[in-house]
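Here are the chains, one letter per residue:
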Amino acid sequence: MSIPILETCRKRKRRPKLFGLHSFAEPGCPINPTGPFRDNIRIFLKQCAEPEDYCVKGMPLWCTLLVRDKSCVVPLYTIEEGVNHSLNPFCDHCRCTGWGNHLVSKRKYHVVIPNDRDWNKPLEDNVLNIHSHLLHGLIHCNGFGHLLCINGIEGGSKYLYGREIMDLWDRICEILKARKISVEDASKKHGMDLRLLHGVAYGHTWFGRWGYKFCRGSYGVSEENYDRAIEILSSQKLDKIIQDFSDREQSRQIKCMVQHYRDLSESQLVTIRDLFKFMLTIKSRSALQKKLVAATAAPSASVQKNSIRISFHKKDNSKEKYLRCKRFTSVIAHMDSRWPAKRLEFAAEVIVDALKQHKSEVGHGGMTRQDLRDAARMHIGDTGLLDYVLKSMNNVIVGCHIVRRGINSARVLEYTIDDVDPVKDLKLLEATEEIHQKPLPDLLPAPAPVPGTDVYNDVVYLYNNTLLNYPESELLELATQAVLDSKHFVKDRPFRDEDDQLLRFFCQVMPGLFDAENMATETSPAGELVMVPLHATVFDLKQAAEKALRDTYCIMDKFVVTEVDNLGVMEDRDVLFGALESGAEILVRGSGIDLDSNLKHEGGADNWIVRCECGARDDDGERMIACDICEVWQHTRCCGIEDSEAVPPLFVCPGCCTSFGPPMTNSPLEFQCSDDLLLDSATMYGMDYEYDNCIGLLQ
């Protein structure tokens, strides 16, 4: 249920601050902090949020009200979790992402938009364990964080689309200067894993639109494995797919689908990537086709008479909106362009699709030139082409739509779209000189054949057959499994030095200070960002580094910096300017680290040993089992235990079995298979395959 603005304001003791949902957290709106995340979040809570008069399990929280439209206000909560008093001080998400060696941060900040039905209610004590939130993100005070859930319209929301929520989250992370944000992509749509579908169609996951890239794979899948798998799957030739399915029952259906979308496309569809990308681009077109087919059906005699009567008595004011319109094909015919006409027309269709989607989601208003350009860039990488087409689109007809351009109330160039009614406006369109340049029937898409009546049904069919159940191809099966086993993606925000009178350094404690106490010495994250004035001395840098480390990490609460390793023989009173370049990494030495604390690493105090035959050497979040003799953890899947099976009460790994005696000759786990088709876990991720004289998928 949405929150009316007036009702919300009455419920609060002070007049709350209201921000626009789609502009909040844009650069400079409402803040423009330049420091590290640990400082920026405090500025954010002070200037952009109101403290609530209650706590959640002792944790303070703040609320920011975001106005979506005149009758809908979205509550954005920020909850501060102090690790020292938390029931879950360690971070499982860090461990599964590969950040288990990070030092435990003192504070976690949860960013939450509850489900619509809970907008008028106080947050419950179990708020951090609910998976139905529209948004739940977690950021440690050192700037490393995790996107835990996104739920839009298909996830139960009545008002917000997943893309809107994701845009908001991305802007918040950017303005607060979060350093790295991970996400475990398990999103599905119509039963399809989107990381596989979008990986094949676009070369990246749905989250890839916002810059999320491969972080780590489960079951030993490396980034090289993942990239090669995507390449193999997306480069399948459509003609070869038709040939490979020729002796199967799906043959006719797949052939008809491929031919149908080839006929629709103005560009050549050669590979499965071309096909999926085109189908996802026009996924909303099937609903339009149904609407047009219904509208053009022959009306009854009584309906015809009524239509004539209405048109006779009612003044026709709609003619004016077509008098200045031109077909886009007519416009580009008189332009000297370096791009062929088909590319220009395809770009125009992509722009129209973006405007249609925006209109269906928002319901009113147009899109600014920049927003429209960004939306079109998801499908067309040539920005020069997009700029050329956008410049030409004003009062132009593309398909069954009119695109107009104007200046909105904010004095920004804005594009809007109007529908052309094929029944009412047919004669009006015919009356304009430009419409005569192309036969009118082309305005009406031909009734979609079968297959082709529902784009998503066709996508699902092709997904299930060409990606999941391709006939007799171990290579494609391995590639599909490698993509499905790659769930962890991360967005890395690169460091950008600000144009101000400050020096910035990344301060990191010498690893040798931990070795003495046998602490983990894996690769550490980038040091903590510290800022000092241009005229700062070495002593000022030590003080700033000490303050930053104390404020960020639990075991550094009493840390004292005694030496900066990078400065050689410089004294405390020496000025830094000229000795170090802004943005450099520095190593510090000191004392006071609490090596006896249990809050050392985000991965927890338990030192698990993972050594699986798939190549995994760390916890990747997948189901595992430990050998009762050597206590080494392995994946249940790699041990032949299905996910539906219970873990056996006693488990001994193959290595320990061999040490006790020779293997059984008739083991129930043994299966017969020719040497060239042996596909156990070890060969799946450790054997070379040859495919068309190229190096195979996984090496």
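Residue numbering note: each chain is counted from 1, following its sequence as written. Under the rules for a predicted model, residues below a pLDDT of 70 receive no local features and side-chain atom pairs below 80 are neither given nor counted, while totals for whole chains, interfaces and linings still include all residues. Side-chain descriptors were evaluated using all non-hydrogen atoms of the structure, hydrogens and water having been removed beforehand.

A few points about helix α19 (residues 474–484)
Residue exposure (1.4 Å probe, protein chains only): buried if accessible area is under 20% of the type maximum, exposed if over 50%, otherwise partly exposed. The way it works is that DSSP assigns letters per residue, a run of H or I at least four long becomes a helix, a run of E at least two long becomes a strand, and they are numbered from the N terminus. Of all eleven residues in α19, eight are buried; the element is thus mostly enclosed. The complete set of buried residues in α19 reads Leu475, Leu476, Leu478, Ala479, Thr480, Ala482, Val483 and Leu484.

Here's the deal with the confidence of the model for the protein
pLDDT expresses, on a scale from 0 to 100, how confident the predictor is about each individual residue. Per-residue confidence for the protein gives a mean pLDDT of 81, with 79% of residues at or over 70. Predicted confidence in the protein is weakest over helix α11 (residues 301–313), with a mean pLDDT of 32, and strongest over strand β5 (residues 107–113), with 98. Every residue pair with non-hydrogen atoms within 4.5 Å of one another is taken to be in contact. Note on residues 294–323: pLDDT is under 50 here. Beyond four places in sequence and across chains, it has 19 contacts. Counting contacts from residues 430–449, a segment whose pLDDT is below 50, to residues more than four positions away or on other chains yields 33 contacts.

Some points on unusual backbone geometry
Between Cys29 and the following residue, Pro30, the backbone shows a cis peptide bond with an omega angle of 0 degrees. The topology assignment puts Pro30 in the loop between β1 (18–20) and α2 (37–48). The residue Lys57 is not glycine, and still its phi comes out positive at about 50 degrees. Tracing the backbone shows Lys57 in the loop between β2 (50–51) and β3 (61–69). Although it is not a glycine, Glu631 adopts a positive phi angle of roughly 60 degrees.

Let's talk about helix α15 (residues 369–377)
Here α15 has its buried residues at Leu372, Arg373 and Ala376. Buried positions in α15, seen along its axis, are confined to an arc of 100 degrees and lie on one side of it. Where the residues of α15 are buried, they touch α14 (341–362), β13 (367–368), α16 (383–392) and β16 (413–419). The arc in question is the one traced by the directions running from the helix axis out to the C-beta atoms.

Describing the nonpolar core
Across soluble globular proteins, nonpolar side chains show a tendency to be buried alongside one another. Side-chain atoms within 4.5 Å link the members of a nonpolar core, which is a set of buried Ala, Val, Leu, Ile, Met, Phe, Trp, Tyr and Cys residues. One finds Phe24 and Trp169 to be the most contacted residues of the largest nonpolar core, which totals 87 residues. The contact partners of Phe24, leaving out residues within four places of it in the chain, are Phe19, Cys29, Pro30, Phe44, Cys48, Thr64, Leu66, Leu76, Leu168, Arg171 and Ile172.

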